[in-house]
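Letter by letter, the chains look like this.
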Amino acid sequence: MTVLNKPLSGKIAFVTGGSRSIGAAIVRRLASEGASVAFTYVSAQNKAEELVREIQEAGGTALAVRADSANVDAVKGAVAETISVLGAIDIVVNNAGIANVKPYDEVTIEEFDQMAAINFRAVFVAIQAAGPQMKEGGRIINIGSINASWNPIPGNSLYAANKAAVAGLTRGLARDLAPKGVTVNNIQPGPVDTDMNPADGPYASLAKGMISLGRYGKASEIASMVAYLASPEASFITGATINVDGGVVI
Ligand SMILES: NC(=O)c1ccc[n+]([C@@H]2O[C@H](COP(=O)([O-])OP(=O)(O)OC[C@H]3O[C@@H](n4cnc5c(N)ncnc54)[C@H](OP(=O)(O)O)[C@@H]3O)[C@@H](O)[C@H]2O)c1
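Reading the values: the criteria
Positions within a chain are numbered from 1, following the residues in the order the chain's sequence is written. Selection of residues for local features in this predicted model requires a pLDDT of at least 70, selection of side-chain atom pairs for listing and counting requires 80 or more, and totals for whole chains, interfaces and linings are taken over all residues. Values shown for side chains rest on all heavy atoms present in the structure; no hydrogens or waters enter the calculation. When a carboxyl oxygen of Asp or Glu lies within 4 Å of a side-chain nitrogen of Lys or Arg, that pair is called a salt bridge. Helix numbering and strand numbering both begin at the N terminus, where a helix is a DSSP run of H or I of at least 4 residues and a strand a DSSP run of E of at least 2. Relative accessibility thresholds used throughout: buried, under 20% of the residue-type maximum; exposed, over 50%; partly exposed, between the two (1.4 Å probe, protein chains only). The rule is short: rings of Phe, Tyr and Trp, with Trp giving its six-membered ring, pair when the centres are within 6.5 Å, and they are stacked under 30 degrees, edge-to-face over 60, tilted in between. Whether a charge sits over a ring depends on NZ of Lys or CZ of Arg being within 6 Å of the ring centre and within 35 degrees of the ring normal. UniProt positions are given in the numbering used here, feature names are shortened, and annotations may be inferred rather than shown by experiment. Multiplying 1.5 Å by the helix residue count minus one yields the expected span of that helix. Here, residues are in contact when the closest pair of their heavy atoms is within 4.5 Å. To obtain an axis, a line is fitted to C-alpha atoms, over the contacting stretch when the element is a helix, and the angle between two such axes runs from 0 to 180 degrees between their N-to-C directions. Throughout this description, any angle smaller than 35 degrees is read as roughly parallel, any larger than 145 degrees as roughly antiparallel, any in the 65 to 115 degree range as roughly perpendicular, and the remainder as oblique. Should the near helix be turned counterclockwise from the far one by less than a right angle, the crossing is left-handed, whereas a clockwise turn marks it as right-handed. Classification convention: Asp, Glu, Lys, Arg as charged; Ala, Val, Leu, Ile, Met, Phe, Trp, Tyr, Cys, Pro as nonpolar; all other residues, Gly among them, as polar. Distances are taken per atom, and a residue is near a molecule or strand as soon as one of its heavy atoms is within 4 Å of it. Polar contact is the term for a pair of N or O atoms within 3.5 Å; when the atoms are in protein, one must be able to donate a hydrogen and the other to accept it, and sequence-neighboring residues count only if both atoms are side-chain atoms. The Shrake-Rupley method, run with a 1.4 Å probe, gives the accessible areas here. Residue values count only the displayed protein chains as cover.

Right, let's get into the pattern of salt bridges. One pass over the structure, following the stated rule, counts six salt bridges. Arg20 serves as the salt-bridge partner of Asp195, at 2.6 Å between the closest nitrogen and oxygen. Of this pair, Asp195 sits in the loop between β6 (183–189) and α6 (204–208) while Arg20 sits in the loop between β1 (12–15) and α1 (21–32), placing them 175 residues apart in sequence. Taking the relative accessible area as the measure of exposure, Asp195 reaches 46% and is therefore partly exposed. With a relative accessible area of 35%, Arg20 lands in the partly exposed category.

The structure is reproduced here in structure tokens:
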């Protein structure tokens, strides 16, 4: 169903990792703005189905697709399924990500590859799959991390490196997609209260002391920036990395 008179009415969005936490807040927010939203998940099937129901009950359209971002064919398949069920994609949000804090000398090559596959390669794969069919006004929004440039926690180097790679990819792809009128931007959240990084978790007191606003962010505060970048209001922003971090002291 198309919701009329909303900023994203008639738009089709594809969000990776939308079943929980920041991704679910993004899915909710884009749907509330009128977009039809497909999102991927890997394990939280119940939460994914609940979210679809919630959006449908509010009069919107949502589609949950099980697709492991570590698997290239699964990511391509999720993009293809979105296009075949909902139509051409206008908005891509690369949100799925994992963290694995561990001493650098204990990280296995399998863990290295898995982190790179999910946090970096899948971002490129989704854009490569969706980009060619995107039209003027299209929006690609990557969820990087402030850890690309701020690292108070030991054992986080691979995560930081992959998020820095996402920032570089964003700048490069902004050039590649500009001729089509499609923007590509990167949001770098600071610490946000989620399953990945709970506001009462092991890193919280260290992190809070370095956040100017003195608290963790909420998933909805990242979704607000996604909604802005997805909107027509953000038409002259591309290749940008925008920190949404409560004023982390770097
Ligand atoms: N929380 C923070 O402090 C923070 C700060 C900066 C950046 N970020 C970034 O923000 C994004 C979301 O983080 P979050 O805190 O919301 O994480 P989270 O609480 O762990 O939620 C992760 C979401 O991504 C999905 N996901 C995980 N691995 C996946 C895979 N292999 N394939 C497909 N989906 C997968 C999960 O699906 P299932 O439910 O099916 O497992 C879930 O929906 C990540 O890119 C993260 O790096 C987070």
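This part takes up the packing of aromatic side chains. In total, this model carries zero aromatic pairs according to the counting rule given. The ring of Tyr216 is capped by Lys208, whose NZ or CZ atom sits 5.8 Å from the centre of that ring.

To continue, consider the UniProt feature "domain: Ketoreductase" (unreviewed entry) in the protein. Listed under "domain: Ketoreductase" (unreviewed entry) in the UniProt record, and renumbered for this structure, are residues 11–190. The distance from the first to the last C-alpha atom of residues 11–190 is 28 Å, and the span holds 46% helix and 17% strand.

Attention shifts here to helix α7 (residues 219–230). For α7, with 12 residues, the first-to-last C-alpha span of 17 Å sits near the 16 Å given by 1.5 Å per residue. Where α7 is buried, its residues meet α1, β4 (91–94), β5 (139–143), β6 and β7 (241–244).

With that settled, the discussion passes to the packing of α1 against helix α2 (residues 45–57). At their nearest, the axes of α1 and α2 sit 11 Å apart, and the two run at 15 degrees to each other. One element, α1, and the other, α2, form an angle in the roughly parallel class. Both α1 and α2 take part in a crossing whose hand is right-handed. Each of Ala24, Val27, Arg28 and Ala31 in α1 lies in contact with α2, whose residues at this interface are Leu51, Glu54 and Ile55. When the residues that make up the contact of α1 with α2 are grouped by side-chain class, the tally is five nonpolar, no polar and two charged.

Every one of the 31 residues lining the ligand counts as a neighbour, but Ser19, Ser21, Ser43, Tyr159 and Thr194 are closest to it. For the ligand, an oxygen atom lies 2.8 Å from a polar atom in the backbone of Ala44. A total of 900 Å² of accessible area belongs to the ligand in isolation, and the protein chains cover 95% of it. At the level of secondary structure, the elements contributing two or more residues to the shell around the ligand comprise α1 and α5 (157–177). Along the lines of polarity and charge, the residues of the shell around the ligand split into 14 nonpolar, 13 polar and four charged.

This part is about the environment of Tyr216. Mapped onto the secondary structure, Tyr216 falls in the loop between α6 and α7. For the pair Tyr216 and Pro191, spaced 25 residues apart in sequence, the C-alpha separation works out to 5.4 Å. Setting aside its immediate chain neighbours within four residues, Tyr216 contacts Pro191, Val192, Asp193, Asn197, Pro198, Ala199, Tyr203, Ala204, Ala207, Lys208 and Ile211. Separated by 3.0 Å, the side chains of Tyr216 and Asn197 make a polar contact.

Running from amino to carboxyl end, helix α4 (residues 109–130) crosses α5 at an angle of 15 degrees, the nearest separation of the two axes being 10 Å. In terms of orientation, α4 lies roughly parallel with respect to α5. Crossing angle aside, the handedness with which α4 passes α5 is right-handed. Contacts from Phe112, Met115, Ala116, Asn119, Phe120, Val123, Phe124 and Ile127 in α4 reach Leu158, Tyr159, Asn162, Lys163, Ala165, Val166, Leu169, Leu173 and Leu177 in α5. Counted by class, the contact of α4 with α5 contains 14 nonpolar, two polar and one charged residues.

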